Amino acid sequence: MPLFRLLSWAMPCMMAMALPADGAAAQQKPAPKAAAKKPTARKPAAKKPTARRSAPRPPEQPIRAAADDSSAAREARAAFARYTEAFNAGRDLDAMAFYSDDSRFHWVEDGRTAYTSAAMIRESVAQVRRLFPTMAFEPGDVRTTVFGRDAVQLTVPFAQRLVDGGGVESRFEGSMTLSLTKASGSWRAISGHTSIRRPGSR
């Protein structure tokens, strides 16, 4: 039997054998094979960084201020007292010698740098003196912090009284901080800060 004839005979028989017993025309398809799962490669666990232990830091040394009865404290307070006495007596030339002519000089008032030299303060005092012939500076208790033999800080609450040519008096209160340095045997203010107490504030 030629080959194509054998195929033409065998195909119907093979199809009949494949049909279900009830004669349904639907041909069953072989169930698809489930795809084989590829094994999941496990990632190596991340190594935790090893914390390096640093050497313990030595404790910070606080600034040690000398007592108020040190010679530097006494000298600085005496220089401030001489300034106050000269200013209230109207001896402005003597009073203004309290401010240093050092190029680093500066003075801050209410959040701004108002003066960058002692000469500017002298000129300002001269102008105010022309408007208010009588001026009185009334300091409170002076708090002294000594940072060295030639460096002292003074913190002073104060009241300022001004009387103009017509006798009208004005008054305000505040606090000031002065940094004093000793040069050529004299204590002078190299920087300062003044803040004025607002009406109604405590």
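Residues numbered from 1 in each chain as written. Predicted model: local features only at pLDDT ≥ 70, side-chain atom pairs only at ≥ 80, totals over all residues. Heavy atoms only, no water.

1. Section: the layout of surface pockets
1) Next: Taken as a whole, the largest pocket spans an internal volume of roughly 560 Å³.
2) Next: As for the largest pocket, its lining consists of 20 residues, and the residues nearest its centre are Glu109, Tyr115, Val125, Gln160 and Phe172.
3) Next: Put simply, the parts of the chain that give the lining of the largest pocket at least two residues each are helix H2 (71-88), strand E1 (106-109), helix H4 (118-131), strand E3 (134-139), strand E5 (151-163), strand E6 (169-183) and strand E7 (186-196).
4) Next: Ranked by residue count, the leading element in the lining of the largest pocket is H4, at four residues.
5) Next: When its residues are assigned to classes, the lining of the largest pocket shows 15 nonpolar, three polar and two charged.
6) Next: Space inside the second largest pocket adds up to approximately 220 Å³.
7) Next: Lining the second largest pocket are 13 residues; nearest its centre among them are Ala79, Arg82, Ala97, Phe98 and Trp187.
8) Next: For the lining of the second largest pocket, the secondary structure elements donating two or more residues are H2, helix H3 (92-96) and E7.
9) Next: Residue contributions to the lining of the second largest pocket peak at five residues, all from H2. (1 Å grid on protein atoms, 1.4 Å probe; cavity = no way out; pocket = protein on both sides within 12 Å on 5 of 7 lines; lining within 4 Å. Points joined across faces, edges and corners; volume = space filled by probe spheres on them. Helix = DSSP H or I, 4+ residues; strand = E, 2+ residues; numbered from the N terminus. Nonpolar A, V, L, I, M, F, W, Y, C, P; charged D, E, K, R; others polar.)

Geometry only, nothing functional implied.
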